[in-house]
Amino acid sequence: MTGLQQNLPKTGAGSMGEFDVIIIGAGFAGMYMLHRLRDGLGLSARVLEAASGVGGTWHWNRYPGARCDSESYYYSYSFSEELQQEWEWTEKYAAQPEILRYLNYAADKFDLRRDIQLGTRVTSAIFDEDGNRWEIRTDGGERFFAQFLITAVGGLSAANVPDIKGLDTFEGEWCHTGEWPQEGVDFAGKRVGVVGTGSTGIQIIPKIAEEAGHLTVFQRTPNYSVPARNAPMDPAFQEQVKANYDEIRQKQRKTPAGHPWDVGKKSALEVSQDERQAMYEAAWERGSLRFRSTFSDLIINKEANDTASEFIRSKIREIVEDPTVAETLTPYDHPYATKRPPIDTDYFETYNRDNVSLVDVKSSPIQEITPKGIRTTDAEYELDVLVFATGYDALTGAYLRMDIRGKGGRSLKEKWEAGPRTYLGLQIAGFPNMFTIVGPGSPSILTNVPTSIEHHVEWVSDCIEYMREGGFERIEANVDAEDAWVERVNEAAGRTLLPMAQSSWFLGGNIPGKPRVFMPYAGGLPTYIQICDEVAAKGYEGFALTAQRSTARDGALKK
Ligand code: NA7
């Protein structure tokens, strides 16, 4: 059974629905949120999802080579022992179809579909101050009312199609990786162009090269990448994982990035050149995002980082046969892992193929898209298919594409004009009873995302339970608490090298005109969890809680 075969029908234009909670998005976050609130607290909830199926990111990102960069055994839900025991992963890193199957399986297992309305895009959410509830409208003309609004919209869901002159004149086929056509794209024998060499470009480029007549890669910023070393799942390893899931899951919440491994204890600078080289070689052979954890200080000390950056540069020169191409592929503008570090399967090797060419659009920028292809300042490249692997309006885009209005009718767009502001990445002052799951200010995409999601979902459902038990109707982050959190997010980023990558989507650098603010909390998951625990233990310190009024409608919210 898939989400395409069975879903809750839309209620129709002009219709109204009243719920305790409306959740936007049916990915990892929205589905678990629904399970916690409906099955845990007994609330009435509806999930509104724009896509035609559940799965969020894994519904949309169907491009060839789409695969998770975290290992499958821990990029998964931990909340159900039964689920983690019965699900069998087939590869070390699960490919998109397998993760989508997994999320569909979870949707069925927890009987979530009956409260998920697919094909429904939320267009606006407006807070009604008198009723302390949200009015949510959809593209189908429906209206919903709910005491709580929970955004589970994902940090990387608002596709960034660059505004390049002439795109509408292109006579070939074009698409963005994050909105991949369900029917797929035929590259066989065609002249294909890929714009973008982030994690997505690095995954799709080797796959397209295998099929295309000719592939031209338009690269603006070269990227570091480390081999993934994907392999079929070893049954003995899977068995061992299942026997030790408790320990693995605890470990995930105790490491800065939510991975089940320790960061190296040594500084890259305290070992000899030979020892360092041997450690990098071993990490390169093992592959995975773990390369970043080889030493304790790669993300905080530039000199230490230089050793890792230079090691990867030397690997690029070693792998890529044409020295000019190798040089164009070599990153110098940012330290390794200050942008989200990709991992790959044969990425640099792909440039040794006869049917692949690289165009440096930093030195010769794209001027326009013509009916026939792409014209740079140097040449015109004729293409049959053009793929934008150009990323997302990350962390804020999905919010700002909706018209969200809080107290006094103030829009979120206005509130976030100079960059996003949240308290703990969980609430926004001026927007009562609205919770954000892996929004800006959360460790979110600096961690294994499902781990952060599960933490947030549990924190939010505990908070709602606290409110119901205590007879509170409304919760709102205080401006002071929010200001202090924004400061803390800035300080945490400032203790790392992350802000050095100026074109990174972590700080909005990939979107022209977007405020340059470092958005995720870089202080590490354990510290973040501890802060959130303390806030809750102190009766939700930093939030204003308002007691329930005894109206008939409010009564429906009580157990
Ligand atoms: P990213 O990491 O934002 O990468 C987008 C790529 O597209 C990057 O190389 C950009 O170059 C390039 N880009 C963006 N706009 C343009 C224009 N106008 N012209 C040329 N090149 C452009 O997105 P991904 O989808 O790869 O990855 C996003 C996350 O998904 C990833 O980090 C994982 O967390 C999962 P730039 O570097 O900006 O010069």
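Sequence positions are assigned chain by chain, starting from 1 and proceeding in written order. Given that the model is predicted, a residue must reach a pLDDT of at least 70 before its local features are reported, and side-chain atom pairs must reach 80 or more before they are shown or counted; all residues, however, enter totals for whole chains, interfaces and linings. To obtain the side-chain values, all non-hydrogen atoms of the structure were included, while hydrogens and water were left out.

I'd like a rundown of helix H1 (residues 28-40), residues and numbers included.
Between its first and last C-alpha, H1 extends 17 Å over 13 residues, near the 18 Å set by a 1.5 Å rise per residue. Categorising residues by exposure relies on relative accessible area from a 1.4 Å probe, with only protein chains included: less than 20% of the type maximum marks a residue as buried, more than 50% marks it as exposed, and the intermediate range marks it as partly exposed. Helical segments are the DSSP runs of H or I of at least four residues, strand segments are the runs of E of at least two, and each set is numbered from the N terminus. Phe-28, Ala-29, Gly-30, Met-31, Tyr-32, Met-33, Leu-34, His-35, Leu-37 and Arg-38 are the residues of H1 that are buried. Just past H1, the residue Gly-42 takes up positive phi, approximately 75 degrees. What a helix is expected to span follows from its residue count: subtract one and scale by 1.5 Å.

Summarise the sheet that holds strand E13 (residues 366-369); cite the residues concerned and give the values.
Taken in spatial order, the 3 strands line up as E13-E14-E15 in an open sheet, and their pairing is antiparallel. Edge positions in the sheet fall to E13 and strand E15 (380-382), since each has one partner strand and no second. Each neighbouring strand pair of the sheet contributes to a mean axis angle of 20 degrees, computed without reference to strand direction. Two strands pair if DSSP finds at least two bridges between them. As judged from the 3 bridges shared by E13 and strand E14 (residues 373-376), these two strands associate in the antiparallel manner. Counterpart to Glu-368 in the pairing with E14 is Arg-375. Axes here refer to lines fitted to C-alpha atoms; in helices the fit is confined to the stretch in contact. Angles between the N-to-C directions go from 0 to 180 degrees.

Summarise a negative patch on the surface; cite the residues concerned and give the values.
Side chains of Glu-173, Glu-183, Asp-186, Glu-210, Glu-211, Asp-346 and Glu-349 sit close together on the surface and give a patch of like negative charge. Turning to its location among the elements, Glu-173 is positioned in strand E7 (residues 173-176). Exposure remark for Glu-173: the relative accessible area of 36% places this residue in the partly exposed category. Note on patches: the residues involved have over 30% relative accessible area and no salt bridge, like charges join within 9 Å, and the nonpolar side chains Val, Leu, Ile, Met, Phe, Trp and Tyr join within 5 Å. We get accessible surface area from the Shrake-Rupley algorithm with a probe of 1.4 Å; when it comes to residues, only the shown protein chains can shield them. By definition, a salt bridge exists where a carboxyl oxygen of Asp or Glu is found within 4 Å of a side-chain nitrogen of Lys or Arg. In this count, Lys and Arg are taken as positive residues and Asp and Glu as negative ones, while His and the chain termini are left out. Working definition for charges: the position is that of NZ of Lys, CZ of Arg, CG of Asp or CD of Glu.

With reference to specific residues and values, describe unusual backbone geometry.
The backbone phi angle of Asn-132 is positive, close to 50 degrees, even though this residue is not glycine. Positive phi, close to 70 degrees, is recorded for Ala-337, a residue that is not glycine. For Ala-337, a relative accessible area of 6% corresponds to the buried category.

Give me the lowdown on the site of the ligand, citing residues and values where you can.
Neighbouring the ligand are 18 residues, the closest being Thr-197, Thr-200, Arg-220, Thr-221 and Lys-339. Pairs of N or O atoms are called polar contacts if they sit within 3.5 Å, as long as, within protein, a hydrogen donor faces a hydrogen acceptor (for residues adjacent in sequence, only side-chain-to-side-chain pairs). Gly-198 is positioned such that a nitrogen or oxygen atom in its backbone is 3.5 Å from an oxygen atom of the ligand. One of the side-chain nitrogen or oxygen atoms of Arg-220 is found 2.8 Å away from an oxygen atom of the ligand. In the complex, 86% of the free accessible area of the ligand, which totals 770 Å², lies under the protein chains. Its residues assigned to classes, the shell around the ligand shows 6 nonpolar, 9 polar and 3 charged. Proximity is defined per residue: any heavy atom of the residue falling within 4 Å of a molecule or strand makes that residue near it. In this classification, the charged set is Asp, Glu, Lys and Arg, the nonpolar set is Ala, Val, Leu, Ile, Met, Phe, Trp, Tyr, Cys and Pro, and all remaining amino acids, among them Gly, are polar.

Requested: an account of the side chain of Thr-200, with residues and values cited.
Checked against the element boundaries, Thr-200 lands in helix H5 (residues 199-211). Throughout, a residue-residue contact means that at least one pair of heavy atoms, one from each residue, lies within 4.5 Å. Each residue touching Thr-200, except ones within four places of it in the same chain, is listed here: Tyr-63, Thr-177 and Ala-389.

Residue-level account of the confidence of the model for the protein chain, with values.
Residues at a pLDDT of 70 or more form 96% of the protein chain, whose mean pLDDT is 95. Confidence drops under pLDDT 50 across residues 1-6; counting only partners more than four residues distant or on other chains, this segment forms 15 contacts. pLDDT gives the predictor's per-residue confidence on a scale running from 0 to 100. Counting contacts from residues 552-559, a segment whose pLDDT is below 50, to residues more than four positions away or on other chains yields 16 contacts.

Go over the packing of aromatic side chains, please, and point to the residues and values.
Two descriptors summarise a pair of aromatic rings, namely the distance from one centre to the other and the angle between the planes of the rings. Stacked, tilted and edge-to-face are the three classes applied to pairs of Phe, Tyr and Trp rings, where Trp contributes its six-membered ring and a pair requires centres within 6.5 Å; stacked means planes under 30 degrees apart, edge-to-face means over 60, and tilted covers the rest. Per the stated rule, a full pass over the model turns up 43 aromatic pairs. Considering the side-chain rings of Phe-28 and Tyr-102, the 6.3 Å spacing of their centres and the 40 degrees angle between planes classify their relative orientation as tilted. Here Tyr-102 lies in helix H4 (residues 96-109) and Phe-28 lies in helix H1, a separation of 74 residues in the sequence. Residue classification places Tyr-102 among the buried residues on the basis of a relative accessible area of 2%. Ring centres of Trp-87 and Tyr-105 lie 5.2 Å apart, and the angle between their planes is 55 degrees; this geometry places the pair in the tilted category. Taken together, the residues Trp-87 in the loop between helix H3 (81-86) and H4 and Tyr-105 in helix H4 connect sequence positions 18 residues apart. Counting every residue linked through ring pairs, the aromatic cluster contains Phe-28, Tyr-32, Trp-58, Tyr-75, Tyr-77, Phe-79, Trp-87, Trp-89, Tyr-102, Tyr-105 and Phe-110. Across the ring face of Phe-110, the terminal group of Lys-109 is positioned such that the distance to the ring centre comes to 5.9 Å. Here, a charge over a ring is recorded when the distance from Lys NZ or Arg CZ to the ring centre is within 6 Å and its angle to the ring normal is within 35 degrees.

Summarise the packing of helix H14 (residues 449-470) against helix H16 (residues 525-537); cite the residues concerned and give the values.
At a minimum axis distance of 12 Å, the contact between H14 and H16 shows a crossing angle of 0 degrees. For the element pair H14 / H16, the angle class is roughly parallel. On H16, the residues that touch Thr-451, Ser-452, His-455, His-456 and Trp-459 of H14 are Leu-525, Tyr-528, Ile-529, Cys-532, Val-535 and Ala-536. Any angle that is under 35 degrees is reported as roughly parallel, and any over 145 degrees as roughly antiparallel; angles of 65 to 115 degrees are reported as roughly perpendicular and all others as oblique.

How would you summarise the pairing of E14 if you had to cite specific residues and measurements?
From the end of E13 to the start of E14, which pair antiparallel, there are 3 residues. Pairing of E14 with E15, which is carried by 3 bridges, proceeds in the antiparallel orientation. When the bridges of E15 are listed, Ile-374 appears paired with Tyr-381. What sits between E14 and E15 in their antiparallel hairpin is a turn of 3 residues.

Any details on the nonpolar core? Residues and values, ideally.
Put simply, a nonpolar core is a bunch of buried Ala, Val, Leu, Ile, Met, Phe, Trp, Tyr and Cys residues held in one set by side-chain atoms that sit within 4.5 Å of each other. The biggest cluster of nonpolar side chains holds 74 residues, and the ones touching the most others in it are Met-31, Ile-150, Leu-424 and Trp-459. Among all residues touching Trp-459, those that are not within four sequence positions of it are Leu-424, Leu-426, Phe-435, Cys-532, Val-535, Ala-536, Tyr-540 and Phe-543. In this structure, Tyr-93, Tyr-224, Ile-248 and Ala-304 belong to the second largest nonpolar core, which totals 55 residues.

How would you explain the environment of Pro-256 if you had to name every residue and give the values?
Within the secondary structure, Pro-256 is located in the loop between helix H7 (245-252) and helix H8 (273-286). When the C-alpha atoms of Pro-256 and Leu-525 are compared, they prove to be 4.8 Å apart, with 269 residues separating the residues in sequence. Once residues within four sequence positions are removed from consideration, Pro-256 is found in contact with Val-263, Thr-447, Gly-524, Leu-525 and Pro-526.

Residue-level account of the sheet that holds strand E9 (residues 214-219), with values.
What the 5 strands build is an open sheet, ordered E7-E16-E8-E9-E12; its pairing is parallel. Each edge of the open sheet carries a strand with a single partner, namely E7 and strand E12 (356-360). Averaged over neighbouring strand pairs, the angle between their axes works out to 15 degrees when direction is ignored. With 4 bridges connecting them, strand E8 (residues 191-195) and strand E16 (residues 385-388) associate as parallel partners.

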